Structures are given as C-alpha cells and as structure tokens.
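Residue-level listing of the chains:
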Amino acid sequence: MNDELKIKFWGVRGSYPTPGAGTVKYGGNTACVEINAGGRTIILDAGTGIIPLGRELAKQKHPLELLLLFSHLHHDHTQGFPFFVPAYIPNTRLHIFGPGGTPETLKHILEHNQSAETFPLSLRDMSAAKTIESVCESRVIVWDEENVRVVESGLGLSPEAVVIHIHKSHAHPGGVYIYRISWRGKSVVYATDTEGYVGMDRKLVAFARNADVLIHDAQYSEEHYRGQLAGFPSTQGYGHSTAAMACEVAEAAETGELVLFHHDPAYSDDLVAAQESVAQRIFPDSRAAYEGFEIKLSPTPSPLSMGEGKRRMDVKYVEND
Ligand SMILES: [Zn+2]
Ligand SMILES: [Zn+2]
C-alpha cells in the first residue's frame, strides 16, 4: 500500500464548479489532485475537489501531515480551502506552499480569502498547525524522513525523499507554478492553467522530460479556442490550452500517460469525451481526467526502466463508487 505512487483526481474542472446532469461522468468540482508517495500525501490545488478529499482524510485515525501546493491563487484553485476539514483538526500538520512575490504573499492572500467580510471563519480559526510560505521557482521542496522543507537543490537527498521541482510558466495571466513531483525514480508533472503557443513552451518540455505522467491543461476545443464555436468568443490569450497543445508537450517531452485537465465548465461530458478522442488520435496514451480517476505507478523496476527513456508503468484505473 505504501510502496506505490498514487495519483487521484478530486476536481478536474476549470474556472468554476459545474454540478448537474451534464457533468456527471467527469465531475464538476474545480482543481484538486491528490498524490500519495509511499504514504505521504501531497495535494495539488484547493479547488472544490479538496472538500470531499478533506472529508476522506479526516476519517484517518492517525494525526495528519499534509503538503498542499498551489499552482497559483485564482479562485478555482483556492475556493475549496475554507471547507477543508483537516485544517480544522488541531493535531493536523499542514505545509502549504505556492507562488508569491515575498515569503508572506501566499499567507496574506489566504487570509484575505477568509476575511471577516467574505467568510465566517478566519485562517486563525483553522486550528491545524500550519506553515504557509511563498517559494521561489528556483527552490526545491523536499519531504523526507526528517521533515518537509525548502532547499536549494534536489541533489544528495535520501532515495525515499519526495522531491518537488518548480517551473514558473508565464503562459497564464499572472503566471503559474508547474510542479514536478518525484519519488523513487517516478515523476508526475502538474501543468494546469497554461497555454500552448506556436513553437511550443520549450522550457515546459524540458521540465516535463520523461515524466511518467503529465497532467496538462486542455480546457478548450480547437474550434472554441479559435472562436469558431457558436456562442463562444475566441479564447486565445486566456492562458489555457487545447487537447492538441497538451499532446504536443507530451510528445516532445516523451512523457508517459497524458491526463487532460481543467475542463471548460461550459462543456458537457460529451464535449470533454470529444477532447479525449482528439488527444488519443495524436498521443494515444491520453485520458481526460475525471473525479475519482486513479493512476498507480508501481515501483517495481524493470531492466528497461533503468535507462534514460520512459519508465515502465503499471497503470490501473479505479472508478469511484
Ligand atoms: Zn484554473
Ligand atoms: Zn488560473
């Protein structure tokens, strides 16, 4: 159980939550992905998907220690945080990191999101022990046998360490952090809220090189992006990608499975499925994320996996009940 890297999707929608009959298959919660690396829980973004995740985590008997990473601080990535139950449990330890101009920026924004005028409970009312810090993209976040900390370099660490590198993308209004989470030679890249462009984001391709799983923004259909979808203006420059753009990065970076993420809130399940089909024609190992979708990466190395190329994966799909 603790010997694998597990990815579970709790919120896959972009912009705003979309409950209703038309979004039952993929789900309507906003961005939240859980990564479990050998028993350590890392949470990517706190959209409304973090609310059901929090309820699940709160059922655990042992005191919780959790690492929460914000890609950026747009509403759809923070709006679930005030309802995150573990943050109200006193013996929980929460390590929270994200972007920001000064080390305090992230804390100030989260405080503002729960100011007396906007929410009945403040950050202080969340009784978990919290470390909240904006980190530079040049820093590395580490979680090993000692603790969770920010270091200068990912070199010389224990093989058991979860190592998180950051790439700051400017292909989204205000910028966004893209994270690469590595553990025991396996790696997942979380690249939400980023827009592809002609000639490709070469820095992102280098950052995602040979990742076992690439989670990439794929909010728009090609027609929508170009302004050819009836009733929708062009979304060029909005900071989100098409499925084809996501495939381009996966292909160039020679990643393992590509997971399309941050589905447009106006899209029905059929439209999201159509995006998945588009992607699979370009990059066959593609899948549209849905709530409850799990990927498990087996740590068992094969002789082939020791080389420079893609690592062998043992991917299992588990439906939520
Ligand atoms: Zn977003
Ligand atoms: Zn955004």
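Scroll up a little and you will see the structure.
Along each chain, the written sequence defines residue order, and numbers are assigned to residues from 1. Numbering of ligands from 1 and lettering of chains from A proceed in the order in which they are written. The model is predicted, so local features are restricted to residues of pLDDT at least 70 and side-chain atom pairs to those at 80 or more, both for listing and for counting; the totals for chains, interfaces and linings are taken over all residues. Neither water nor hydrogens contribute to the side-chain values; these are computed over all heavy atoms in the structure.

Draft legend 1. Up close: the pattern of salt bridges. For salt bridges, the criterion is a side-chain nitrogen of Lys or Arg within 4 Å of an Asp or Glu carboxyl oxygen. Considering all chains together, one arrives at 11 salt bridges under this definition. Between Glu65 and Arg93 there is a salt bridge, and its shortest N-O distance comes to 3.7 Å. You can see Glu65 sitting in strand E4 (residues 65-69) and its partner Arg93 sitting in strand E5 (residues 93-98), a full 28 residues away along the chain. Think of it in three bands: residues with accessible area under 20% of the maximum for their type are buried, residues over 50% are exposed, and the middle band is partly exposed, with areas taken using a 1.4 Å probe on protein chains only. On the basis of relative accessible area, Glu65 is assigned to the partly exposed category, the value being 27%. Arg93 gets classed as partly exposed once you look at its relative accessible area, which sits at 42%. Strands are runs of DSSP state E lasting at least two residues, helices are runs of H or I lasting at least four, and both sets are numbered from the N terminus onward.

Draft legend 2. Looking closely at the coordination of the zinc ion (ligand 1). Donor atoms: N, O and S within 2.8 Å of the metal, or within 3.2 Å for Na, K and Ca. Because water is excluded, sites can look incomplete. Looking at the zinc ion (ligand 1), one finds its protein donor set to be Asp76 (OD), His77 (NE2), Asp193 (OD) and His262 (NE2), positioned 2.1 to 2.3 Å from the metal centre. Relative to the metal, the four donor atoms surrounding the zinc ion (ligand 1) lie at angles of 91 to 163°, and the coordination shape comes out irregular. The sequence motif formed by the donor residues of the zinc ion (ligand 1) is D-H-x115-D-x68-H. The zinc ion (ligand 2) is placed at 3.6 Å from the zinc ion (ligand 1), the two being bridged by Asp193. In this pair, Asp76 is assigned in the loop between E4 and E5 and Asp193 in the loop between strand E11 (186-191) and helix H3 (202-208), connecting sequence segments 117 residues apart. For Asp193, a relative accessible area of 1% gives the class buried. For a four-donor site, all angles between 85 and 135 degrees give tetrahedral; for four or six donors, opposite pairs above 155 degrees with the remaining angles between 65 and 115 give square planar or octahedral; all remaining cases count as irregular.

Draft legend 3. Just the pairing of E4, in detail. Counting buried residues along E4, four of its five residues qualify, which places the element largely inside the surrounding structure. We call two strands paired when DSSP finds no fewer than two bridges between them. One ladder, built from four bridges, connects strand E3 (residues 40-44) with E4; its direction is parallel. Note that in E4 the partner of Leu44 across the bridge is Leu69. Note that E4 and E5 share five bridges and pair parallel.

Draft legend 4. Structural context of the nonpolar core. Residue types Ala, Val, Leu, Ile, Met, Phe, Trp, Tyr and Cys, when buried and joined through side-chain atoms within 4.5 Å, form a set referred to as a nonpolar core. Core analysis: the largest hydrophobic core is formed by 42 residues, its most contacted members being Ile7, Phe9 and Ile215. Considering each element in turn, this core owes the most residues, four residues, to strand E10 (residues 176-183). Every residue pair with non-hydrogen atoms within 4.5 Å of one another is taken to be in contact. Not counting residues within four places of it along the chain, the set of residues in contact with Phe9 comprises Cys32, Val33, Ile215, Val259, Phe261, Ala289, Tyr290, Glu291, Gly292 and Phe293.

Draft legend 5. Inspection of the environment of Tyr179 at higher detail. Within the secondary structure, Tyr179 sits in strand E10. At a separation of 2.8 Å, a polar atom in the side chain of Tyr179 contacts the main-chain carbonyl oxygen of Phe70. Between N or O atoms, a polar contact is any pair within 3.5 Å; within protein, one atom must be a potential hydrogen donor and the other a potential acceptor, and residues adjacent in sequence are included only when both atoms are from side chains.

Draft legend 6. Representation of the sheet that holds strand E1 (residues 5-11) within the structure. One open sheet accounts for seven strands, arranged E6-E5-E4-E3-E2-E1-E15; its pairing is mixed. Every interior strand has two partners, whereas the edge strands, strand E6 (129-134) and strand E15 (294-297), have only one. Strand after strand, the sheet turns through a mean of 15° between neighbouring axes, direction not considered. Every axis corresponds to a line fitted to the C-alpha atoms, with the helix fit spanning only the stretch in contact, and the corresponding angles, defined between N-to-C directions, vary from 0 to 180 degrees. Contacting E1, strand E2 (32-37), E3 and E4, helix H1 (residues 50-58) runs over the sheet at an angle of about 165° to E3. In the packing of helix H2 (residues 105-113) onto the sheet, contacts are made with E5 and E6, and the angle to E6 comes to roughly 120°.

Draft legend 7. Local environment of the packing of helix H5 (residues 243-253) against helix H6 (residues 269-282). At a minimum axis separation of 9 Å, H5 and H6 run at an interaxial angle of 30°. In terms of axis orientation, H5 runs roughly parallel to H6. Pair H5 / H6 crosses with right-handed handedness. Together, Ala243, Ala244, Cys247 and Glu251 of H5 and Gln275, Val278, Ala279 and Ile282 of H6 make up the contact between the two elements. Here the residues of the contact of H5 with H6 are counted per class, giving six nonpolar, one polar and one charged. Angular relationships are summarised with four words: roughly parallel below 35 degrees, roughly antiparallel beyond 145, roughly perpendicular across 65 to 115, and oblique for the angles in between. Crossing chirality is assigned from the near helix's rotation relative to the far helix, an anticlockwise turn below a right angle marking it left-handed and a clockwise turn marking it right-handed. Under this grouping Gly is polar, as are all residues other than the nonpolar Ala, Val, Leu, Ile, Met, Phe, Trp, Tyr, Cys and Pro and the charged Asp, Glu, Lys and Arg.

Draft legend 8. Up close: the environment of Ser134. Take Ser134: it is sitting in strand E6. The exposure class assigned to Ser134 is buried, which follows from its relative accessible area of 6%. C-alpha separation for the pair Ser134 and Gly100, spaced 34 residues apart in sequence, amounts to 5.1 Å. Here Ser134 is in contact with Gly98, Pro99, Gly100, Thr102, Pro103, Thr105 and Leu106, once residues within four sequence places are set aside.

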